[in-house]
Amino acid sequence: MKASAPPKSESFKLSMLLSDTRYRGTSLQVITFIIFVAVFFWLVDNTIKNLALLGKDVSFNFLFLRAGYDINQRLIPYTSDSTHGRAAFVGILNTLLVALVGCLFATILGLFVGILRLSKNWLVAKLMSIYIEGFRNVPVLLWIVMIFALLTEFTPAPKAFKGADPQATMLLFDSIAITNRGTYFPAPIFGEGSFWLLLSFILSVIIVIFIRKNANKQKKETGKSFPTFWISVLIIILPTLGFYFLLGKPISLEYPYLKGFNFKDGIHLRNSFLALTLALALYTSAFIAEIVRAGILAISKGQSEAAASLGLRPNKIMNLIILPQALRIIVPPLISNYLNLTKNSSLAIAVGYMDVRGTLGGITLNQTGRELESMLLLMGFYLCVSLLISSVINYYNRSFQIVVR
Amino acid sequence: MRKSLFMVLSSILLILGGQAAFSGGHSVTLDDVKARGNLLCGVSTGAPGFATVDDSGKDVGFDVDYCRALAAAIFGDPMAVKFVGLTSAVRFTALAAGEVDILARNTTWTYSRDTDLKQTFLGVNYYDGQGFMVKKDLGVNSTLELDGATVCIQVGTTTELNLADYFKENGMSYEPVPTADNAESQQQYLAGACDTYTTDASALHGTRVNLENPDDHLVLPEIISKEPLGPLVRHGDDNWADIGRWVLNALIIAEEKGITKSNIDSWKDTKDAEIHRLLGTGDDDILAMVGLPKNAMYNAIKAGGNYGEIFENNLGATSGINIERGVNASWTKGGILYSPPFR
């Protein structure tokens, strides 16, 4: 800039700001910035004026008022006496739960389907194509509603489990009940001594990780592979089982049982949660499968041919040669699918799942009439979560990209 | 998703909307309605008896008939209404954003809606209360036997809050199953996804008669809340509120006086001055005060009859829903329906 800065002479004219290429870039940016700021302030000003005309102010105090409504799925204690803020937080946790479980399932399923679609087995490949095209080309909302309808219409009501000769029975030694209100699983009860049991379990896992690392290291140095699978299984199971009986069975299961109108105790996975998570996972997995397929196909054929000529088996070729390279291509577009799944979870209201859109952006908004505030908070929440997810995965992504020296 | 669409639309309207200036003297909303040529009336997306679409595709119902009377008062044409179906969750946003001129959507008049939500209730056109419907084979005869039940409930309603309070007061637990509207609640209830469906008793009766086997279902006798339902407009246009309020009052007065859709033309020689003022057959033109034609209330009553006729056609014996008038009878017949004098 210094070299090109004009000397303060009569030769500088105002019109040069636009006509002279030395200034044009900067002056256009300044003009655009001013227009942007002006429009932004006009929007804010107009909003406040319009709200004032309606007699409304912008205030977030409602978050500290009593909510007055109940929420069925609560990961933290909540009653109708809690505040709207806490209701929003219950919703946030519900959203995160769906996003987490959904992403996990979508990734595992997508990976399998993507690889299987490349199978040489005609039937398997075609079935996977049908799966992908079926889920990818139907709006996810329809899948959510469809799965929800299936779950509520074709499963027995809790009442059907009643009586001496019930129409429906629980599965797996009377431990799991599938009803049209959700599925009930036995819940673990942590008694005295369960801390030591968990500790021994965690220690075994750490030992196994250590052994595996060592085996990997040995393999890289000597080229010999040490089978660790059965050793790992034994190390994890034996001490844990031993401690379990030694400590007098500290962890027991609490079975769901029918009482009154519904099943009591146990873990209750509501149909709204199941339908939403399942639909989102299936839908997103179809996209992930295509990304996985693209990633694998992007690795040149020579790689697998070279590996095959070394005598590696197909599954080893996939695990050792192809996937590690393909991951570099797969992970970046994977992020946007995780973000999509998280944002699509706001369709929860269609099946009455109480996510943050349902509590803060639904009932709270409605009972308090704070549309603008609720929507701003919601947008802020989704923005934060999306940025968080992408930054975490970007960090992960950087860790295995080719290091450029 | 209609719901999200409304949120977005109304937010945009709030942000971009021209700065309409409300002023006293005449009604801006009335001017808008006249310029548009029809009334935008927010109704339920499907509440039998209150707002539904009949076999021929025509909007019918108790709330619908009120809007037709209002349109008739303004335009002389009861069909000059466009009905906008709104779920319970979006109705207030839609009204505040100006997507509808008036909300006649069996909405309960409460303190916070009147003050905090900045709305003006025009009166009560139906005194309702919250009830519960169960399947008879559930073997429940009182709401106090519902401890531990799963309850279908429409989100964003006063019933949702009453439900929480009622179960808490009585030391009972329940599991809410939130639904978007009456149709979804009904479907969930029929599928057995909830033990009981709770909403205003009138809506329960309306829903029950339209079920496949109405006799298999029972509306429990307890009424757990006061739900005075009425039409409402947004704050800030008092003249518009006056118009809506007095059309409602006119329908109620007409029933008191015995003016019906069929005999409305036979009152020209009556000695009752209030009837002359109401039907615009006298010398005074008091309706000019709110910017309506002299025969506005005549047209309003002519549209669907007086309050009693509208009730009978949509909720009473004629409709098949068979709701008793009860407290909704005129004060002259032992009810609490009472209009200030038209003077």
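Computed from a predicted structure; not experimentally measured.

Colleague: Describe in detail the overall build of chain B, supporting the description with residues and values.
Modeller: The helix and strand tally for chain B stands at twelve helices and 13 strands. Taking 20 Å as the expected radius of gyration for a compact globule of 343 residues, we find that chain B reaches 21 Å, a close match to that expectation. Projected onto the principal axes, the alpha-carbon positions of chain B cover approximately 65 × 50 × 40 Å. Long-range pairs, those at least 24 residues apart, make up 75% of the contacts in chain B with a sequence separation of at least 6.

Colleague: Describe the domain arrangement of chain B, listing the residues and the values that go with them.
Modeller: Residue and element names in this part refer to chain B. Domain assignment breaks chain B into domain 1 (2-127 + 228-333) and domain 2 (130-225). One C-alpha centre belongs to domain 1, the other to domain 2; they are set 29 Å apart. Class assignment of the residues belonging to the side of domain 1 that touches domain 2 gives a composition of eight nonpolar, nine polar and no charged.

Colleague: Kindly report on helix α8 (residues 201-209) of chain B, identifying the contributing residues and their values.
Modeller: Residues that lie three or four places apart on an α-helix share one face, since the helix turns once every 3.6 residues. Residues and elements named next belong to chain B. Counting buried positions over the nine residues of α8 gives eight, a clear majority of the element. Every buried residue of α8 is listed here: Ala201, Ser202, Ala203, Leu204, His205, Gly206, Thr207 and Arg208. Looking at the packing, one finds that the buried side of α8 touches β5 (102-108), β7 (126-128), β8 (130-135), α7 (182-191), β11 (196-200) and β12 (217-219).

Colleague: Provide a residue-level description of unusual backbone geometry, including the pertinent values.
Modeller: Across residues other than glycine, the phi torsion is negative in most instances, and most of the peptide bonds are trans. Residue and element names in this part refer to chain B. Although it is not a glycine, Lys118 sits at a positive phi angle of roughly 55 degrees. In this fold, Lys118 is placed in the loop between α5 (111-115) and β6 (119-121). One non-glycine residue, Asn322, adopts positive backbone phi at about 60 degrees. As for its placement among the helices and strands, Asn322 is situated in the segment after α12 (307-314).

Colleague: So what's going on with the interface of chain B and chain A? Residues and values would help.
Modeller: At the junction of the two partners, chain B supplies 41 residues and chain A supplies 35 residues. Counting only elements with at least two residues in the side of chain B that touches chain A, the list comes to α1 (2-16), α4 (91-96), β9 (149-154), α6 (158-169), β10 (174-179) and α7 of chain B. If one sorts the elements of the side of chain B that touches chain A by residue count, α1 of chain B sits on top with six residues. Classifying every residue of the side of chain B that touches chain A by side-chain character gives 19 nonpolar, 13 polar and nine charged.

Colleague: Any chance you could break down the nonpolar core for me, citing the residues and the numbers?
Modeller: Among the nonpolar cores identified, the biggest contains 153 residues, and Ile144 of chain A together with Leu70, Leu251 and Ala300 of chain B are the most heavily contacted of them. With 15 residues, helix α9 (residues 271-298) of chain A is the single largest residue contributor to this core. When residues of this core are sorted by domain, at least three fall in each of domain 1 (2-127 + 228-333) and domain 2 (130-225) of chain B. The residues contacting Leu251 of chain B, other than those within four sequence positions of it, are Ala69, Ala300, Ile301, Asn306, Tyr307 and Ile310 of chain B.

Colleague: I'd like a rundown of the sheet that holds strand β1 (residues 177-179) of chain A, residues and numbers included.
Modeller: Residues and elements named next belong to chain A. The strand order across the open sheet formed by three strands is β1-β2-β7, and the pairing between neighbours is antiparallel. Each edge of the sheet is formed by a strand with only one pairing partner; in this case those strands are β1 and β7 (267-270). Neighbour-to-neighbour, the strand axes of this sheet turn through a mean angle of 15 degrees, independent of strand direction. For strand β2 (residues 182-185) and β7, the ladder comprises four bridges, and the chain directions are antiparallel. Note that in β7 the partner of Gly182 across the bridge is Arg270. Running at roughly 60 degrees to β7, α9 makes contact with β2 and β7 of the sheet.

Colleague: Would you mind going over the packing of helix α3 (residues 84-117) of chain A against helix α12 (residues 356-368) of chain A in detail, with residue names and values included?
Modeller: Residues and elements named next belong to chain A. At their nearest, the axes of α3 and α12 sit 7 Å apart, and the two run at 155 degrees to each other. Between α3 and α12, the crossing angle belongs to the class labelled roughly antiparallel. Here His84, Ala87, Ala88, Val90, Gly91, Ile92 and Thr95 of α3 lie close against α12, whose contacting residues are Val356, Gly358, Thr359, Leu360, Thr364 and Thr368. Residues that form the contact of α3 with α12 fall into these classes: six nonpolar, seven polar and no charged.

Here is what the cut-offs are and how they apply
Per chain, the residues get numbers from 1 upward, laid out in the order the sequence is written. Numbering of ligands from 1 and lettering of chains from A proceed in the order in which they are written. The predicted origin of the model limits local features to residues at a pLDDT of at least 70 and limits the giving and counting of side-chain atom pairs to 80 or more, whereas totals for whole chains, interfaces and linings rest on all residues. Secondary structure counts use DSSP, requiring at least four H or I residues in a row for a helix and at least two E residues in a row for a strand, with both numbered from the N terminus. The reference for a compact globule is 2.2 Å times residues^0.38; the radius of gyration itself is calculated from the C-alpha atoms. By the criterion used throughout, residues are in contact when their C-beta atoms, derived from the backbone, lie within 7 Å. Those domain boundaries reflect an automatic or database domain assignment. Residue classes follow a fixed rule: Ala, Val, Leu, Ile, Met, Phe, Trp, Tyr, Cys and Pro count as nonpolar, while Asp, Glu, Lys and Arg count as charged, and any other residue, Gly among them, counts as polar. Each residue is classified by how many other C-beta atoms fall within 10 Å of its C-beta atom, where C-beta atoms are placed from the backbone; a count of 20 or more means buried, 12 or fewer means exposed, and values in between mean partly exposed. As used here, a nonpolar core is made of buried Ala, Val, Leu, Ile, Met, Phe, Trp, Tyr and Cys residues. They are joined through C-beta atoms within 7 Å. The criterion for strand pairing is that DSSP finds at least two bridges linking the strands in question. Interaxial angle, 0 to 180 degrees, is taken between N-to-C directions of lines fitted to C-alpha atoms, where a helix line uses only the stretch in contact. Relative orientations are named as follows: roughly parallel for angles under 35 degrees, roughly antiparallel for angles over 145 degrees, roughly perpendicular for angles from 65 to 115 degrees, and oblique for any other angle.

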